[in-house]
Amino acid sequence: MTVKEAAQILEAEVLVGENLDVEIKTACGSDMMSDVLAFVKDQALLLTGLCNPQVIRTAEMMDMRCVVFVRGKEVDPEILELARSRDIIVLKTKYRMFTACGLLYSGGLRGESGSL
Amino acid sequence: MSALTFRYEVPGDDFTRAGEASSDVKRKLKQLGYSPEAVRKVAIAMYEGEINMVIHAGGGEAVVEMDPEEIRVTLRDQGPGIPDVEKAMQKGWSTAPDTVRNLGFGAGMGLPNIKKYTDELRIETEVGVGTTLYMKVFA
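Just so you know, these numbers come straight off a predicted model, no measurement behind them.

Enquirer: So what exactly am I meant to see when it comes to the sheet that holds strand β1 (residues 13-16) of chain A here?
Expert: Hydrogen bonds between backbone groups are what pair the strands of a sheet, and the pairing can be parallel or antiparallel. Residue and element names in this part refer to chain A. Taken together, 5 strands build an open sheet; the order of strands is β1-β5-β4-β3-β2 and the sheet is mixed. At either end of the open sheet lies a strand with only one pairing partner, and these are β1 and β2 (27-29). The mean angle between the axes of side-by-side strands here comes to 25 degrees, regardless of whether they run parallel or antiparallel. Relative to β1, helix α4 (residues 77-85) is tilted by about 75 degrees, and along the sheet it contacts β1, β4 (66-69) and β5 (89-92). In the packing of helix α5 (residues 97-106) onto the sheet, contacts are made with β2 and β3 (45-48), and the angle to β3 comes to roughly 155 degrees.

Enquirer: Which parts of the structure should I look at to understand the packing of helix α1 (residues 20-31) of chain B against helix α2 (residues 36-56) of chain B?
Expert: Angle between the axes and distance between the axes are the two parameters that describe a pair of packed helices. Residue and element names in this part refer to chain B. Two elements in contact, α1 and α2, have axes separated by 8 Å at closest approach and are oriented at 165 degrees. Judged by the inter-axis angle, α1 sits roughly antiparallel to α2. Here α1 runs over α2; the crossing is right-handed. Of α2, the residues touching α1 (which contributes E20, A21, S22, V25, K26, L29 and K30) are V39, V42, A43, M46, Y47 and E50.

Enquirer: Whenever I open this one, the interface of chain B and chain A confuses me. Can you help?
Expert: Frequently, the measure chosen for interface size is the accessible area that the parts lose on association. At the interface, 27 residues of chain B touch 23 residues of chain A. Surface buried jointly by chain B and chain A totals about 2000 Å² across both partners, of which 51% is contributed by carbon and sulfur atoms. Counting across the interface, chain B meets chain A through 2 salt bridges. Between R40 of chain B and D42 of chain A there is a salt bridge; the shortest N-O distance is 3.4 Å. Contributing elements (two or more residues each) for the side of chain B that touches chain A: α1, α2 and α5 (110-117) of chain B. For the side of chain B that touches chain A, the element with the highest residue contribution is α2 of chain B, accounting for 6 residues.

Enquirer: What is the right way to read the pattern of salt bridges from this model?
Expert: If charged atoms from side chains of opposite charge come close, those side chains can pair. All names here are of chain B. The tally for this structure, following the rule as stated, stands at 19 salt bridges over all chains. R72 is paired through a salt bridge with D67; the nearest N and O atoms lie 3.3 Å apart. For D67, a relative accessible area of 11% translates into the label buried. Among the charged side chains, a network of salt bridges with common partners joins E65, D67, E70, R72, E120 and K136.

Enquirer: Help me understand the sheet that holds strand β3 (residues 70-77) of chain B, please; the structure alone is not making it clear to me.
Expert: All names here are of chain B. One open sheet holds the 5 strands; their spatial order is β1-β2-β3-β5-β4, and the pairing between them is antiparallel. In this open sheet, the two edge strands, each paired with only one partner strand, are β1 (4-11) and β4 (120-126). Looking at each pair of strands side by side, their axes are set apart by 10 degrees on average, direction ignored. Alignment of β4 against strand β5 (residues 130-138), held across 7 bridges, turns out to be antiparallel. Bridge pairing in β5 places E124 opposite T132. Contacting β1, β2 (59-66), β3 and β5, α2 runs over the sheet at an angle of about 5 degrees to β3.

Enquirer: I tried to follow the layout of surface pockets on my own but got confused; where do I start?
Expert: One water molecule sets the probe size; rolling that probe over the atoms shows where empty space is left. All names here are of chain B. The computed volume of the largest pocket comes to approximately 590 Å³. In this structure, the largest pocket is lined by 30 residues; those nearest its centre are N52, H56, I82, T95 and L111. Sorting the residues of the lining of the largest pocket by element identifies α2, β3, α5 and β5 as the ones contributing at least two each. It is α2 that provides the largest number of residues to the lining of the largest pocket, a total of 7 residues.

What counts, and at which threshold
Residues numbered from 1 in each chain as written. Chains lettered and ligands numbered in written order. Predicted model: local features only at pLDDT ≥ 70, side-chain atom pairs only at ≥ 80, totals over all residues. Heavy atoms only, no water. Pairing = 2+ DSSP bridges. Helix = DSSP H or I, 4+ residues; strand = E, 2+ residues; numbered from the N terminus. Axes fitted to C-alpha atoms, helices over the stretch in contact; angles between N-to-C directions. Contact = heavy atoms within 4.5 Å. Parallel < 35°, antiparallel > 145°, perpendicular 65-115°, else oblique. Left-handed = near helix turned anticlockwise from the far one by under 90°. Buried area = accessible area lost by both parts, 1.4 Å probe. Salt bridge = Lys/Arg side-chain N within 4 Å of Asp/Glu carboxyl O. Buried < 20%, exposed > 50% of the residue type's maximum accessible area, 1.4 Å probe, protein only. 1 Å grid on protein atoms, 1.4 Å probe; cavity = no way out; pocket = protein on both sides within 12 Å on 5 of 7 lines; lining within 4 Å. Points joined across faces, edges and corners; volume = space filled by probe spheres on them.

As C-alpha cells, this is what we get:
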C-alpha cells in the first residue's frame with residue numbers, strides 16, 4: 001500500500017508531504033513513544049493520538065516515513081515544521097485509533113509478523 | 001585516524017527540544033557513511049538517553065566520538081543518580097511521574113532499550129551526584 005492509498009482509506013487530510021507515492025508494508029499504533037522505540041522494527045507508518053514534537057522525533061529515529069494523527073487532533077505548527085524538515089509525511093484522520101488501525105488492516109496493511 | 005568528536009548541551013527545561021542532539025548525530029553518521037543499522041542503533045539509544053536526562057536529571061551533556069570501528073556516546077548529568085541500577089534495568093520499572101507518561105514516555109523501557117541497541121553499555125551513577133552513561137556501538 002502507498003501512503004496515498006492509506007490517506008484515501010482514512011479519509012485523511014495531508015498536513016505535510018508532497019509525494020505520497022511512498023510504499024509502506026507495515027504499520028503500528030501507539031500513544032506511548034517508549035513502546036514504539038522498544039518494540040517497533042520496520043514499520044514505516046505510525047498511528048498515534050499523542051500530539052507533541054517527540055512523536056516526530058521518534059518516527060525520525062525509527063526511520064519511519066509517515067505519522068498519522070488520529071481522532072482529528074489539532075496539530076501544532078511547530079510539529080509540522082519539524083516533520084517537514086525531517087521529510088516525514090503527516091496525515092490527520094477523524095477516525096479513532098481502533099477504527100483507523102482496523103481500516104488500514106482491512107485494506108491490506110499489516111503489523112509486525114509474529115510475537116515478541 | 002583520530003575520532004571525530006562532537007559535544008552537545010542537552011537543555012533540561014524544555015521537553016520539546018529533547019532529541020535535537022540525537023537528531024544531529026543521526027544526520028552526521030548518515031553523511032559519514034556508517035551502515036544504516038549502526039546509525040539506527042546509535043540514534044535510538046542516544047535518544048532514549050537524552051529523554052532520560054530531560055525527564056530525570058534536568059539536562060546534561062553529550063559527547064559523541066565517531067571513528068571507523070565504533071561510535072562512542074557519553075551522556076553525563078548532574079541529576080539525582082540511580083539508587084538501584086539493577087532495578088532500573090528491568091523492563092517496565094519506572095519512576096517517571098504521570099506528567100511524563102502523558103507525554104508518551106516513562107514506560108520503563110529507556111535503559112533496557114539502550115542496552116538492547118548498544119554493543120557495550122556502562123553506567124556510573126551516584127545518588128545526589130549524577131549519572132554517566134558510556135555507550136558503544138560497533139560500526
